[in-house]
Amino acid sequence: MKPFSIASDIHWVGALHPDLRIFDIIMKTKNGSTYNSYLIKADKTLLIDTVKSKFTDLFLQNISQLVDFKKLDYIVVQHTEPDHSGSLIALLDKAPDAEILCSKSAVKFVKNTINRDAKITPVGDGSTIELGGKTVEFLQTPFLHWPDTMMTYCREDRLLFPCDVFANHFCDSRMFDDAIARDFAPDFELYFNIIFRPFKKNVQNALAKLKNFDIQMIAPSHGPIIRSSVDAVMTAYDQWSRPLPDNATPKCLVYYVSAHGNTAIMAKVISEALKQEKIDVELYDLTQISIDEQLDKIEACDAILVGSPTINNDAVKPVWELLTSLTTLNLKGKIAASFGSIGWSGESVKFIDERLKALKFKVPFEGVTCNLVPDDEELQNCRQLAHQVAETIKA
Ligand code: FEO
(Lines give C-alpha, C1' and ligand atoms only; values in the text may rest on other atoms or scores of the structure.)
Protein backbone atom coordinates (compact mmCIF):
# COMPACT_ATOMS: atom_id res chain seq x y z
CA MET A 1 0.00 0.00 0.00
CA LYS A 2 1.15 3.52 -0.75
CA PRO A 3 2.02 6.05 1.97
CA PHE A 4 -0.74 8.18 3.43
CA SER A 5 -0.84 11.11 5.79
CA ILE A 6 -1.90 10.52 9.40
CA ALA A 7 -1.31 14.10 10.58
CA SER A 8 0.26 17.23 9.18
CA ASP A 9 3.69 16.21 7.77
CA ILE A 10 3.43 12.75 9.35
CA HIS A 11 3.02 9.78 7.03
CA TRP A 12 2.45 6.04 7.32
CA VAL A 13 5.08 4.28 5.17
CA GLY A 14 4.66 0.68 6.38
CA ALA A 15 3.47 -2.57 4.86
CA LEU A 16 0.31 -4.66 4.93
CA HIS A 17 0.52 -8.41 5.48
CA PRO A 18 -3.07 -9.58 4.90
CA ASP A 19 -2.27 -13.28 4.49
CA LEU A 20 -0.20 -13.63 7.69
CA ARG A 21 -1.76 -16.49 9.66
CA ILE A 22 0.77 -17.04 12.49
CA PHE A 23 2.75 -14.27 14.15
CA ASP A 24 5.86 -14.90 16.26
CA ILE A 25 5.25 -18.67 15.98
CA ILE A 26 2.61 -18.54 18.71
CA MET A 27 -0.15 -16.13 17.76
CA LYS A 28 -2.88 -16.93 15.26
CA THR A 29 -3.57 -13.94 13.02
CA LYS A 30 -6.69 -14.82 11.06
CA ASN A 31 -7.08 -11.18 9.97
CA GLY A 32 -3.44 -10.71 8.94
CA SER A 33 -1.41 -7.80 10.27
CA THR A 34 0.45 -4.66 9.32
CA TYR A 35 3.97 -3.42 10.04
CA ASN A 36 3.56 0.26 10.69
CA SER A 37 6.38 2.68 10.07
CA TYR A 38 5.93 6.44 10.26
CA LEU A 39 7.83 9.29 8.65
CA ILE A 40 7.86 12.77 10.19
CA LYS A 41 8.89 15.23 7.53
CA ALA A 42 9.61 18.65 9.05
CA ASP A 43 12.77 20.73 8.57
CA LYS A 44 14.50 17.56 9.61
CA THR A 45 13.19 14.11 8.76
CA LEU A 46 12.68 11.28 11.22
CA LEU A 47 11.49 7.74 10.57
CA ILE A 48 9.94 5.59 13.31
CA ASP A 49 10.71 1.87 12.87
CA THR A 50 11.09 -0.17 9.72
CA VAL A 51 9.18 -3.27 8.56
CA LYS A 52 9.67 -7.03 8.27
CA SER A 53 12.37 -7.92 5.74
CA LYS A 54 9.86 -9.62 3.44
CA PHE A 55 8.47 -6.15 2.67
CA THR A 56 11.73 -4.20 2.40
CA ASP A 57 11.37 -3.27 -1.28
CA LEU A 58 7.87 -1.94 -0.82
CA PHE A 59 8.92 -0.05 2.31
CA LEU A 60 11.86 1.66 0.61
CA GLN A 61 9.63 2.56 -2.31
CA ASN A 62 7.15 4.16 0.13
CA ILE A 63 9.86 6.26 1.75
CA SER A 64 11.33 7.29 -1.59
CA GLN A 65 7.99 8.78 -2.58
CA LEU A 66 8.26 11.26 0.28
CA VAL A 67 11.92 11.96 0.94
CA ASP A 68 15.36 11.67 -0.61
CA PHE A 69 17.13 8.98 1.45
CA LYS A 70 20.15 11.26 1.75
CA LYS A 71 17.94 13.69 3.66
CA LEU A 72 16.74 11.18 6.21
CA ASP A 73 18.19 12.54 9.47
CA TYR A 74 16.98 10.07 12.09
CA ILE A 75 15.80 6.48 12.29
CA VAL A 76 14.05 5.72 15.58
CA VAL A 77 14.29 2.06 16.59
CA GLN A 78 11.59 1.66 19.23
CA HIS A 79 12.69 -1.91 19.81
CA THR A 80 14.77 -4.32 17.79
CA GLU A 81 12.37 -7.18 17.15
CA PRO A 82 12.82 -8.13 13.48
CA ASP A 83 9.24 -7.38 12.44
CA HIS A 84 10.23 -3.72 12.90
CA SER A 85 13.98 -3.81 12.36
CA GLY A 86 14.03 -6.27 9.46
CA SER A 87 14.56 -3.55 6.85
CA LEU A 88 17.09 -1.54 8.83
CA ILE A 89 20.16 -2.79 6.97
CA ALA A 90 18.62 -2.10 3.56
CA LEU A 91 17.56 1.35 4.77
CA LEU A 92 21.08 2.11 6.00
CA ASP A 93 22.40 1.09 2.58
CA LYS A 94 20.30 3.91 1.16
CA ALA A 95 20.73 6.35 4.05
CA PRO A 96 24.14 5.60 5.59
CA ASP A 97 24.36 8.97 7.35
CA ALA A 98 21.05 8.69 9.16
CA GLU A 99 21.43 8.68 12.94
CA ILE A 100 19.80 5.78 14.74
CA LEU A 101 18.01 6.80 17.94
CA CYS A 102 17.14 4.06 20.39
CA SER A 103 17.06 3.20 24.08
CA LYS A 104 20.32 2.60 25.89
CA SER A 105 19.62 -1.12 26.11
CA ALA A 106 18.85 -1.27 22.39
CA VAL A 107 22.30 -0.06 21.34
CA LYS A 108 23.83 -3.53 21.61
CA PHE A 109 20.83 -5.16 19.94
CA VAL A 110 20.99 -2.68 17.04
CA LYS A 111 24.70 -3.42 16.61
CA ASN A 112 23.95 -7.15 16.70
CA THR A 113 21.24 -6.63 14.10
CA ILE A 114 23.13 -4.53 11.56
CA ASN A 115 26.68 -5.87 12.17
CA ARG A 116 28.29 -2.75 10.72
CA ASP A 117 29.33 0.73 11.78
CA ALA A 118 26.56 3.27 12.06
CA LYS A 119 25.80 6.37 14.08
CA ILE A 120 23.78 5.05 17.02
CA THR A 121 22.68 7.44 19.76
CA PRO A 122 20.90 6.30 22.91
CA VAL A 123 18.08 8.61 23.99
CA GLY A 124 17.02 8.95 27.62
CA ASP A 125 13.60 9.10 29.18
CA GLY A 126 12.06 12.51 28.44
CA SER A 127 14.76 13.53 25.97
CA THR A 128 13.58 15.42 22.92
CA ILE A 129 14.59 16.07 19.33
CA GLU A 130 13.60 19.29 17.58
CA LEU A 131 12.80 18.69 13.95
CA GLY A 132 11.68 22.26 13.19
CA GLY A 133 7.96 22.62 13.85
CA LYS A 134 7.81 19.14 15.36
CA THR A 135 9.13 18.18 18.78
CA VAL A 136 9.59 14.51 19.39
CA GLU A 137 9.94 13.14 22.94
CA PHE A 138 11.09 9.67 23.93
CA LEU A 139 9.65 7.58 26.78
CA GLN A 140 11.57 4.64 28.15
CA THR A 141 9.16 1.72 28.62
CA PRO A 142 11.35 -1.36 29.12
CA PHE A 143 9.96 -4.88 28.77
CA LEU A 144 6.99 -3.89 26.70
CA HIS A 145 7.69 -6.45 25.55
CA TRP A 146 11.43 -6.41 24.86
CA PRO A 147 13.97 -4.97 27.31
CA ASP A 148 14.83 -2.20 24.84
CA THR A 149 11.32 -0.92 24.17
CA MET A 150 10.67 2.79 24.09
CA MET A 151 7.84 4.98 22.85
CA THR A 152 7.84 8.22 20.87
CA TYR A 153 5.52 11.20 21.29
CA CYS A 154 5.02 14.11 18.92
CA ARG A 155 4.01 17.11 21.01
CA GLU A 156 2.47 19.34 18.34
CA ASP A 157 0.14 16.59 17.14
CA ARG A 158 -0.46 14.98 20.54
CA LEU A 159 0.41 11.77 18.76
CA LEU A 160 1.81 8.73 20.56
CA PHE A 161 3.84 6.05 18.79
CA PRO A 162 3.74 3.31 21.45
CA CYS A 163 5.66 0.54 19.65
CA ASP A 164 3.73 -2.76 20.12
CA VAL A 165 1.64 -1.42 23.01
CA PHE A 166 -2.01 -0.73 22.00
CA ALA A 167 -1.41 -2.72 18.81
CA ASN A 168 -3.45 -5.55 17.39
CA HIS A 169 -3.19 -7.86 14.44
CA PHE A 170 -5.74 -6.69 11.92
CA CYS A 171 -5.10 -5.79 8.32
CA ASP A 172 -7.35 -3.33 6.56
CA SER A 173 -6.14 -0.75 4.08
CA ARG A 174 -8.45 1.87 5.62
CA MET A 175 -5.94 1.87 8.51
CA PHE A 176 -7.87 4.06 10.97
CA ASP A 177 -10.01 2.43 13.64
CA ASP A 178 -12.93 4.78 13.01
CA ALA A 179 -12.87 4.04 9.28
CA ILE A 180 -13.30 0.30 9.88
CA ALA A 181 -16.71 -0.81 11.17
CA ARG A 182 -15.43 -3.16 13.86
CA ASP A 183 -15.29 -3.43 17.62
CA PHE A 184 -11.55 -3.90 18.15
CA ALA A 185 -11.85 -4.64 21.89
CA PRO A 186 -11.45 -8.45 21.44
CA ASP A 187 -8.46 -7.92 19.10
CA PHE A 188 -6.76 -5.67 21.64
CA GLU A 189 -7.45 -8.14 24.43
CA LEU A 190 -6.10 -11.13 22.50
CA TYR A 191 -2.95 -9.16 21.66
CA PHE A 192 -2.55 -8.04 25.27
CA ASN A 193 -2.97 -11.59 26.59
CA ILE A 194 -0.39 -13.08 24.28
CA ILE A 195 2.20 -10.30 24.20
CA PHE A 196 1.83 -8.23 27.36
CA ARG A 197 0.31 -10.53 29.94
CA PRO A 198 3.74 -11.47 31.37
CA PHE A 199 4.59 -7.76 31.73
CA LYS A 200 1.63 -6.39 33.66
CA LYS A 201 3.76 -4.40 36.08
CA ASN A 202 5.64 -2.79 33.18
CA VAL A 203 2.31 -1.94 31.55
CA GLN A 204 1.23 -0.21 34.77
CA ASN A 205 4.53 1.70 34.88
CA ALA A 206 4.07 2.85 31.29
CA LEU A 207 0.45 3.89 31.88
CA ALA A 208 1.53 5.95 34.88
CA LYS A 209 4.07 7.70 32.65
CA LEU A 210 1.49 8.28 29.90
CA LYS A 211 -0.80 10.11 32.35
CA ASN A 212 1.49 13.11 31.85
CA PHE A 213 0.81 13.20 28.12
CA ASP A 214 -2.12 14.64 26.22
CA ILE A 215 -2.81 11.96 23.63
CA GLN A 216 -5.16 12.56 20.74
CA MET A 217 -4.12 9.71 18.49
CA ILE A 218 -2.17 6.46 18.92
CA ALA A 219 -0.10 5.08 16.06
CA PRO A 220 1.00 1.59 17.10
CA SER A 221 3.37 -0.78 15.33
CA HIS A 222 0.65 -3.18 14.16
CA GLY A 223 -2.94 -2.78 13.08
CA PRO A 224 -5.16 0.27 12.87
CA ILE A 225 -4.19 3.75 13.99
CA ILE A 226 -6.38 4.65 16.95
CA ARG A 227 -8.42 7.83 16.68
CA SER A 228 -11.81 6.96 18.13
CA SER A 229 -10.90 4.77 21.10
CA VAL A 230 -7.79 6.31 22.68
CA ASP A 231 -9.29 6.46 26.18
CA ALA A 232 -11.03 3.09 25.84
CA VAL A 233 -7.88 1.18 24.92
CA MET A 234 -5.82 2.85 27.63
CA THR A 235 -8.52 2.08 30.22
CA ALA A 236 -8.68 -1.52 29.04
CA TYR A 237 -4.90 -1.90 29.37
CA ASP A 238 -5.15 -0.52 32.88
CA GLN A 239 -7.82 -3.08 33.80
CA TRP A 240 -6.03 -6.03 32.22
CA SER A 241 -2.73 -5.21 33.88
CA ARG A 242 -3.92 -4.56 37.44
CA PRO A 243 -2.78 -7.00 40.12
CA LEU A 244 -5.42 -9.62 40.90
CA PRO A 245 -7.09 -9.38 44.32
CA ASP A 246 -6.46 -12.13 46.87
CA ASN A 247 -9.06 -14.91 46.89
CA ALA A 248 -11.56 -14.59 49.76
CA THR A 249 -11.47 -18.39 50.03
CA PRO A 250 -8.23 -20.16 49.04
CA LYS A 251 -8.59 -21.59 45.56
CA CYS A 252 -7.04 -24.76 44.19
CA LEU A 253 -7.28 -26.23 40.70
CA VAL A 254 -6.78 -29.95 40.14
CA TYR A 255 -5.98 -31.09 36.60
CA TYR A 256 -5.48 -34.68 35.58
CA VAL A 257 -5.42 -37.18 32.75
CA SER A 258 -6.19 -40.80 33.45
CA ALA A 259 -5.52 -43.73 31.11
CA HIS A 260 -7.36 -46.44 33.07
CA GLY A 261 -9.15 -44.51 35.83
CA ASN A 262 -6.45 -44.76 38.52
CA THR A 263 -5.04 -41.23 38.29
CA ALA A 264 -8.69 -40.08 38.19
CA ILE A 265 -9.30 -41.83 41.54
CA MET A 266 -6.31 -39.99 43.01
CA ALA A 267 -7.55 -36.66 41.60
CA LYS A 268 -10.98 -37.11 43.15
CA VAL A 269 -9.60 -38.14 46.54
CA ILE A 270 -7.25 -35.12 46.55
CA SER A 271 -10.10 -32.80 45.58
CA GLU A 272 -12.39 -34.13 48.30
CA ALA A 273 -9.64 -33.81 50.89
CA LEU A 274 -8.99 -30.21 49.85
CA LYS A 275 -12.69 -29.42 50.17
CA GLN A 276 -12.65 -30.81 53.69
CA GLU A 277 -9.86 -28.35 54.40
CA LYS A 278 -12.25 -25.53 53.32
CA ILE A 279 -10.41 -24.93 50.06
CA ASP A 280 -12.43 -23.88 47.01
CA VAL A 281 -11.60 -26.65 44.50
CA GLU A 282 -12.20 -27.15 40.80
CA LEU A 283 -11.39 -30.53 39.26
CA TYR A 284 -10.76 -30.96 35.53
CA ASP A 285 -10.03 -33.85 33.21
CA LEU A 286 -7.60 -32.22 30.77
CA THR A 287 -8.96 -34.26 27.86
CA GLN A 288 -12.34 -32.57 28.27
CA ILE A 289 -11.43 -28.88 28.50
CA SER A 290 -9.93 -26.03 26.52
CA ILE A 291 -6.70 -24.95 28.19
CA ASP A 292 -7.05 -21.40 26.84
CA GLU A 293 -10.20 -21.02 28.91
CA GLN A 294 -8.30 -22.00 32.06
CA LEU A 295 -5.55 -19.36 31.92
CA ASP A 296 -7.40 -16.62 33.83
CA LYS A 297 -8.35 -19.14 36.53
CA ILE A 298 -4.81 -20.41 36.86
CA GLU A 299 -3.44 -16.90 37.24
CA ALA A 300 -6.05 -16.20 39.93
CA CYS A 301 -5.71 -19.46 41.90
CA ASP A 302 -3.54 -20.15 44.94
CA ALA A 303 -2.43 -23.65 43.97
CA ILE A 304 -2.61 -26.21 41.21
CA LEU A 305 -2.20 -29.95 41.34
CA VAL A 306 -1.38 -31.83 38.16
CA GLY A 307 -1.87 -35.56 37.72
CA SER A 308 -0.61 -37.80 34.95
CA PRO A 309 0.01 -41.49 34.50
CA THR A 310 3.43 -42.47 33.20
CA ILE A 311 3.22 -43.80 29.67
CA ASN A 312 6.36 -44.53 27.67
CA ASN A 313 8.47 -43.05 30.49
CA ASP A 314 6.79 -39.66 30.31
CA ALA A 315 3.80 -37.61 31.40
CA VAL A 316 1.05 -37.66 28.78
CA LYS A 317 0.54 -35.10 26.02
CA PRO A 318 -2.50 -33.17 27.42
CA VAL A 319 -0.48 -32.55 30.59
CA TRP A 320 2.42 -31.15 28.59
CA GLU A 321 -0.03 -29.04 26.62
CA LEU A 322 -1.16 -27.52 29.90
CA LEU A 323 2.36 -27.03 31.20
CA THR A 324 3.58 -25.40 28.00
CA SER A 325 0.62 -23.01 27.90
CA LEU A 326 1.46 -21.18 31.10
CA THR A 327 4.51 -19.14 30.09
CA THR A 328 2.57 -15.88 29.75
CA LEU A 329 1.14 -16.12 33.29
CA ASN A 330 2.53 -14.68 36.48
CA LEU A 331 2.78 -17.80 38.64
CA LYS A 332 5.53 -16.79 41.02
CA GLY A 333 4.88 -18.05 44.52
CA LYS A 334 1.80 -20.13 43.76
CA ILE A 335 1.86 -23.64 45.21
CA ALA A 336 1.94 -26.65 42.91
CA ALA A 337 2.17 -30.41 43.31
CA SER A 338 1.92 -33.51 41.16
CA PHE A 339 0.47 -36.99 41.39
CA GLY A 340 -0.14 -39.98 39.16
CA SER A 341 -0.63 -43.69 38.85
CA ILE A 342 2.45 -45.50 37.62
CA GLY A 343 3.22 -48.97 36.37
CA TRP A 344 6.91 -49.84 36.33
CA SER A 345 8.90 -46.64 35.76
CA GLY A 346 7.00 -43.56 37.03
CA GLU A 347 8.80 -40.56 35.58
CA SER A 348 5.69 -38.42 35.13
CA VAL A 349 5.61 -36.76 38.58
CA LYS A 350 9.31 -35.95 38.45
CA PHE A 351 8.98 -34.33 35.01
CA ILE A 352 5.86 -32.42 36.03
CA ASP A 353 7.57 -31.12 39.18
CA GLU A 354 10.60 -29.96 37.18
CA ARG A 355 8.39 -28.08 34.76
CA LEU A 356 6.29 -26.54 37.56
CA LYS A 357 9.48 -25.27 39.21
CA ALA A 358 10.70 -23.83 35.90
CA LEU A 359 7.39 -21.96 35.68
CA LYS A 360 8.23 -20.40 39.10
CA PHE A 361 5.65 -22.30 41.10
CA LYS A 362 6.67 -23.29 44.61
CA VAL A 363 6.77 -27.08 44.64
CA PRO A 364 7.40 -27.90 48.30
CA PHE A 365 6.11 -31.50 48.32
CA GLU A 366 7.23 -34.57 46.43
CA GLY A 367 4.81 -35.86 43.84
CA VAL A 368 2.55 -38.64 45.07
CA THR A 369 2.33 -41.87 43.10
CA CYS A 370 0.44 -45.12 43.32
CA ASN A 371 1.27 -48.42 41.65
CA LEU A 372 -1.51 -49.19 39.18
CA VAL A 373 -4.70 -49.17 41.34
CA PRO A 374 -4.30 -47.01 44.47
CA ASP A 375 -4.54 -48.96 47.73
CA ASP A 376 -5.55 -47.52 51.12
CA GLU A 377 -2.05 -46.35 51.98
CA GLU A 378 -1.60 -44.66 48.61
CA LEU A 379 -4.97 -42.93 48.93
CA GLN A 380 -3.93 -41.75 52.37
CA ASN A 381 -0.81 -40.28 50.75
CA CYS A 382 -3.11 -38.37 48.39
CA ARG A 383 -5.08 -36.99 51.36
CA GLN A 384 -1.83 -36.08 53.09
CA LEU A 385 -0.66 -34.18 50.00
CA ALA A 386 -3.98 -32.29 49.95
CA HIS A 387 -3.59 -31.48 53.64
CA GLN A 388 -0.03 -30.17 53.14
CA VAL A 389 -1.07 -28.05 50.16
CA ALA A 390 -4.03 -26.64 52.10
CA GLU A 391 -1.89 -25.82 55.13
CA THR A 392 0.70 -24.10 52.94
CA ILE A 393 -1.88 -21.99 51.13
CA LYS A 394 -3.52 -20.94 54.40
CA ALA A 395 -0.15 -20.07 55.88
FE1 FEO B 1 5.80 -6.10 16.68
FE2 FEO B 1 7.70 -6.74 19.33
O3 FEO B 1 7.38 -6.55 17.51
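Below is a short write-up of the structure.

Looking at the packing of helix H5 (residues 185-196) against helix H7 (residues 230-241)
When two helices pack together, their arrangement is given by the angle between the helix axes and by the axis-to-axis distance. Taken N-terminus to C-terminus, the directions of H5 and H7 make an angle of 40°; their axes are 11 Å apart at the nearest point. Between H5 and H7, the interaxial angle falls into the category oblique. As H5 packs across H7, the resulting crossing turns out to be right-handed. Counted together, Ala 185, Phe 188, Glu 189, Tyr 191, Phe 192 and Phe 196 of H5 and Val 233, Tyr 237, Trp 240 and Ser 241 of H7 form the full contact between these two elements. Class assignment of the residues belonging to the contact of H5 with H7 gives a composition of eight nonpolar, one polar and one charged.

Re the sheet that holds strand E15 (residues 159-161)
Spatial strand order, E12-E13-E14-E15-E16: five strands in an open sheet with mixed pairing. Each edge of the open sheet carries a strand with a single partner, namely strand E12 (128-130) and strand E16 (217-218). Bridging between strand E14 (residues 150-154) and E15 involves three bridges; their strand directions are antiparallel. Across the sheet, residue Thr 152 finds its bridge partner in E15, namely Phe 161. Packed onto the sheet, helix H6 (residues 200-210) meets strand E13 (135-140), E14 and E15 and runs at close to 150° relative to E13.

A few points about the environment of Ile 10
The residue Ile 10 is located in strand E2 (residues 10-12) in this model. In sequence terms Ile 10 and Leu 329 are 319 residues apart; their C-alpha atoms lie 38 Å from each other.

Calculation notes
Residues numbered from 1 in each chain as written. Predicted model: local features only at pLDDT ≥ 70, side-chain atom pairs only at ≥ 80, totals over all residues. Heavy atoms only, no water. Axes fitted to C-alpha atoms, helices over the stretch in contact; angles between N-to-C directions. Helix = DSSP H or I, 4+ residues; strand = E, 2+ residues; numbered from the N terminus. Parallel < 35°, antiparallel > 145°, perpendicular 65-115°, else oblique. Left-handed = near helix turned anticlockwise from the far one by under 90°. Contact = heavy atoms within 4.5 Å. Nonpolar A, V, L, I, M, F, W, Y, C, P; charged D, E, K, R; others polar. Pairing = 2+ DSSP bridges.

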